[in-house]
Amino acid sequence: MLAVPLQALFGQLLIGLINGSFYALLSLGLAIIFGLLNVINFCHGALYMLGAFVAWGLLEKAGIGYWPALLIAPLAVGLLGVVIERTLLRRISGLDPLYGLLLTFGIALILQGVFSNWFGSSGMPYEMPSQLRGGQALGFMFLPNYRVWVIGVSLIICVGTWAITEGTRLGSWLRAATENASLVSAFGINVPRMITITYALGVALAAFAGVLAAPIYRVSPLMGADLIIVVFAVVVIGGMGSIIGSIVTGFTLGVLEGLTKVFYPEASNTVIFVVMAIVLLVRPAGLFGKQA
Amino acid sequence: MNARLALLLSLALPLAARADFTGKVIKIGVLNDQSGLYADLAGQGSVTAAKMAAEEMGGKIGDASVEVIFADHQNKPDVGSTIARQWIDVDGVDVIVDVPTSSVALAVAQVVKDKNKVFLASGPATSDLTGKACSPNTVHWTYDTYALAHTTGTAEVQSGGDTWFFLTADYAFGQALERDTTAVVTAAGGKVLGGVKHPLNTTDFSSFLLQAQSSKAKVIGLANAGGDTINSIKAASEFGIVKGGQRLAGLLVFITDVHALGLQTAQGLILSESFYWDRDDKTRAWSKKFGARMGGKMPSMVQAGVYAAVLHYLKAVKALKSDADGKAVVDQMKKLGTDDPAFGKGTIRADGRKMHPMYLYEVKAPSESKGPWDYYKLKKEVPANEAFRPLDKGECPLVAGSAK
């Protein structure tokens, strides 16, 4: 352990933080959706992939670049979210959460299958926007500008979402509806519409993360499937439905995974699940969840 | 011997002498990754390639029709060997083809050997298939870790890359490739400074590349494949590894990977393949036919290998007038010289190794490429006997038995 120089360690911590920002963005959306809809949104990864594909399609077919895509892709996927919520999820509301899980899992499989069929599995390259190419030599590592951007923008989005839910009237309705939906609707608040908006917002966050990821990784049909299981572990560790929990856990686990890649790389894909098992044993409701 | 057994045997004898085709159909099973990270370099393209070979033989041999089926082994050895068993026992499959992912291929080779059928390996890389784990029922067609290590590794060391750091996929294939390349590097006077074993299907390689960077090795050897290689190369370009003076050696890079990376990122990469669609008139003609059926995609060497191997298998079955005895078919394949548009003339060695040259390519810069799929410049042709492991060095029991 001491053989690793301190400088390399700083680099790994930073990289962990970058990966953590993806975990945080995705688990944030999942947490919001679970909090209000009580749906374990298994198609979150597929919608993240869809966000990346929308960005790719905009560039490839319409010549629309990265910056507009950052707005358009979440909007488009958010609209799809509205359709999914209105036509499918609404029909199973009130049933056991297992139904929602199966339904969204099915949607994920369909989306992935269709895109694999169309585009193959290796994926397509997506060029980085020219403004964010290159990087900074920090002495202990070379830090690509794009990664700095990713970390910054995800922090802003995460903190922003948290502030909205904690500090605004909409947020207070949202929290109240999570606690007791029928009481909130008795006060004249349109709960079904709020549910739709929440779901759309959650999946739009996933699409946003997808666009962020497109230049770093490849735009590939399986990019979501590779990530979603980890993100679920993050949500479970943070406490299902806890917004602040998912943000903090996302970043922390990214760092933990980064460190594992230094000390015992073979376990880097498993370390998060080990943590999940331990947390479930010690605090079954998750680190930030309310104890039942 | 009791009377009943004798009666049964006498019934069986004329059947064997008639040398029939099992079930009146020669059933070819293409077993590979249909949905995961190796689906583009093998997948449906391999199925199409096998069908093209079957059609070239007229879709029929004697009075038996040739049929091609396929399945997804999901890169899992247990799934692969279960399908292989079911195909052979229940569905009457005579020959299993392709099987990328070395760990799955090793499992399938064992099943095929136990059932005395034929295994034509195109996708897998591990040189153990014709070494310690060689089988009288296996032909290993397209390439192997030894040939990759020798072609790419030697070229890198010769051009000054004498210190290495490995990024290795943590399963049979990556380990074999790292082992074979290490042998090449040290034999040529180079040194291996370290390495990282990463899990199969890793998304983020930046952390591993940072370790490679701090090792100060001149060459970073990528002992991985498919999506893992693509992600490594992308991250390396992002983190300025090549600009910092270190070189990347893609020990197993397929043309589909280069396609996914784009020339902007992949340019200058040195790699080895046994087949490139734009090599000569014959490969171009065949690849064009393939592309017409695959939406314009050019074949990978794995897909070309499936085509050539199936074609040669069918020729052997035709000569033998039987597909019943897998070992006999493979013996016949070894006896006949191979000749096909994808690999030209070649032979199959006693240990099951198909012999053909390997080619060292460099990926073109975007400005040099004339159109889609125009990706490689030929650097060097390595003759078969230099590229592949000498017959007596593989510890294959088949060879030891035949040695006098």
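Residues numbered from 1 in each chain as written. Chains lettered and ligands numbered in written order. Predicted model: local features only at pLDDT ≥ 70, side-chain atom pairs only at ≥ 80, totals over all residues.

J.: So what's going on with the overall build of chain A? Residues and values would help.
T.: When its secondary structure is counted, chain A shows 11 helices and 2 strands. Reading chain A from its N terminus to its C terminus gives the helix and strand order α-α-α-α-β-β-α-α-α-α-α-α-α. For chain A, whose C-alpha radius of gyration is 19 Å, the value lies close to the compact-globule estimate of 19 Å for 292 residues. In terms of its C-alpha atoms, chain A occupies a principal-axis envelope of roughly 60 × 50 × 35 Å. Evaluated residue by residue, chain A yields a buried proportion of 52% over its 292 residues. (Helix = DSSP H or I, 4+ residues; strand = E, 2+ residues; numbered from the N terminus. Rg over C-alpha atoms; globule rule 2.2 N^0.38 Å. Buried ≥ 20, exposed ≤ 12 C-beta atoms within 10 Å, placed from the backbone.)

J.: Which residues make up the domain arrangement of chain B, and what values do they have?
T.: Accessible area lost upon the coming together of the parts serves often as the stated size of an interface. Residues and elements named next belong to chain B. The domains assigned to chain B are domain 1 (22-143 + 280-357) and domain 2 (146-273). Spacing between the C-alpha centres of domain 1 and domain 2 amounts to 28 Å. Taken together, the contact pairs 16 residues of domain 1 with 18 residues of domain 2. (Domains from an automatic or database assignment. Contact = placed C-beta atoms within 7 Å.)

J.: Go over the packing of helix 3 (residues 66-87) of chain A against helix 8 (residues 191-213) of chain A, please, and point to the residues and values.
T.: Two packed helices can be described by the angle between their axes and the distance between those axes. Residues and elements named next belong to chain A. Packing of helix 3 against helix 8 leaves a shortest axis separation of 7 Å and a crossing angle of 140°. The pairing of helix 3 with helix 8 is recorded here as oblique in orientation. Both helix 3 and helix 8 take part in a crossing whose hand is right-handed. On the side of helix 3, the interface is formed by Ala-69, Leu-70, Ala-73, Pro-74, Val-77, Gly-78, Gly-81, Val-82, Glu-85 and Arg-86, while helix 8 contributes Ile-195, Thr-196, Tyr-199, Ala-200, Leu-201, Val-203, Ala-204, Ala-207, Phe-208, Gly-210 and Val-211. Split by residue class, the contact of helix 3 with helix 8 holds 15 nonpolar, 4 polar and 2 charged. (Axes fitted to C-alpha atoms, helices over the stretch in contact; angles between N-to-C directions. Parallel < 35°, antiparallel > 145°, perpendicular 65-115°, else oblique. Left-handed = near helix turned anticlockwise from the far one by under 90°. Nonpolar A, V, L, I, M, F, W, Y, C, P; charged D, E, K, R; others polar.)

J.: For the interface of chain A and chain B, give the residues involved together with the corresponding values.
T.: Taken together, the contact pairs 29 residues of chain A with 33 residues of chain B. Those elements that provide at least two residues to the side of chain A that touches chain B are helix 1 (6-37), strand 2 (142-144), helix 9 (223-238) and helix 10 (243-263) of chain A. Per-element tally for the side of chain A that touches chain B: the top contributor is helix 1 of chain A, with 5 residues. Across the side of chain A that touches chain B, the residue classes break down as 13 nonpolar, 12 polar and 4 charged.

J.: Residue-level account of the sheet that holds strand 12 (residues 338-340) of chain B, with values.
T.: Two pairing modes exist for strands in a sheet, parallel and antiparallel, and in both the strands are linked by backbone hydrogen bonds. All names here are of chain B. Across the sheet, 3 strands lie side by side as 12-13-14; this open sheet has antiparallel pairing. Two strands bound the open sheet, and with one partner strand each, they are strand 12 and strand 14 (354-355). Looking at chain direction, strand 12 and strand 13 (residues 344-348) are connected through 3 bridges and run antiparallel. Note on strand 13: the bridge partner recorded for Thr-338 is Gly-346. (Pairing = 2+ DSSP bridges.)

J.: Break down the nonpolar core for me, citing the residues and quoting the values.
T.: Grouped together as the largest cluster of nonpolar side chains are 226 residues, with contacts concentrated most on Ala-207 of chain A together with Ala-50, Val-108 and Val-310 of chain B. At 17 residues, the largest contribution of residues to this core is made by helix 1 of chain A. Counting contributing residues, this core receives three or more from each of domain 1 (22-143 + 280-357) and domain 2 (146-273) of chain B. Those residues within four positions of Ala-207 of chain A in sequence are excluded, and the remaining contacts are Leu-47, Tyr-48, Leu-50, Gly-51, Val-54, Ala-73, Pro-74 and Val-77 of chain A. (Core = buried A, V, L, I, M, F, W, Y, C linked by C-beta atoms within 7 Å.)

J.: Residues and numbers for helix 11 (residues 271-282) of chain A, please.
T.: All names here are of chain A. An ideal rise of 1.5 Å per residue puts 16 Å on 12 residues; helix 11 measures up with 17 Å between its terminal C-alpha atoms. Taken together, the buried positions of helix 11 are occupied by Ile-272, Val-275 and Val-279. Across the axial projection of helix 11, the buried residues extend over an arc of 60°, all falling on one side. For helix 11, exposure combined with an orientation more than 90 degrees from the buried face picks out Ile-278 and Leu-281. Lining the buried residues of helix 11 we find helix 9 and helix 10. (Expected span 1.5 Å × (residues − 1). Arc of directions from axis to C-beta.)

J.: Any details on the sheet that holds strand 1 (residues 25-32) of chain B? Residues and values, ideally.
T.: All names here are of chain B. One open sheet holds the 6 strands; their spatial order is 2-3-1-4-5-6, and the pairing between them is mixed. Of all strands in the sheet, those with a lone pairing partner are strand 2 (60-61) and strand 6 (138-140), marking the two edges. Summarising the sheet, strand 5 (residues 118-121) and strand 6 pair through 3 bridges and their orientation is parallel. Each bridged residue has a counterpart across the sheet, and for Leu-120 the counterpart in strand 6 is Val-139.

J.: Which residues make up helix 11 (residues 281-293) of chain B, and what values go with them?
T.: Residues and elements named next belong to chain B. Over its 13 residues, helix 11 extends 19 Å from the first C-alpha to the last, a length consistent with the 18 Å expected when each residue adds 1.5 Å. As for helix 11, its buried residues are in contact with helix 2 (43-56). In the stretch just after helix 11, Gly-295 is the one whose phi turns positive, near 65°.

J.: I'd like to hear about the confidence of the model for chain B, residue by residue, with values.
T.: In the predicted model, chain B carries a mean pLDDT of 90, and 94% of its residues have values of at least 70. In the model output, the complex is listed with pTM 0.83 alongside ipTM 0.79. (pLDDT = per-residue confidence, 0-100.)

J.: Hey, could you go over the pairing of strand 7 (residues 163-169) of chain B for me, with residue numbers and the actual values?
T.: All names here are of chain B. Most of strand 7 sits inside the fold, with 6 of its 7 residues counted as buried. Bridge analysis of strand 7 against strand 8 (residues 191-198) gives 7 bridges, and the strand direction is parallel. Residue pairing across strands places Phe-166 opposite Gly-195, the latter belonging to strand 8. Read as a crossover between parallel neighbours, the route from strand 7 over helix 6 (residues 172-187) to strand 8 is right-handed. When strand 7 meets strand 9 (residues 219-223), the two strands line up parallel, connected through 5 bridges. Among the inter-strand pairings, Phe-166 is bridged to a residue of strand 9, identified as Gly-221. (Right-handed = clockwise from strand over helix to strand, strands pointing away.)

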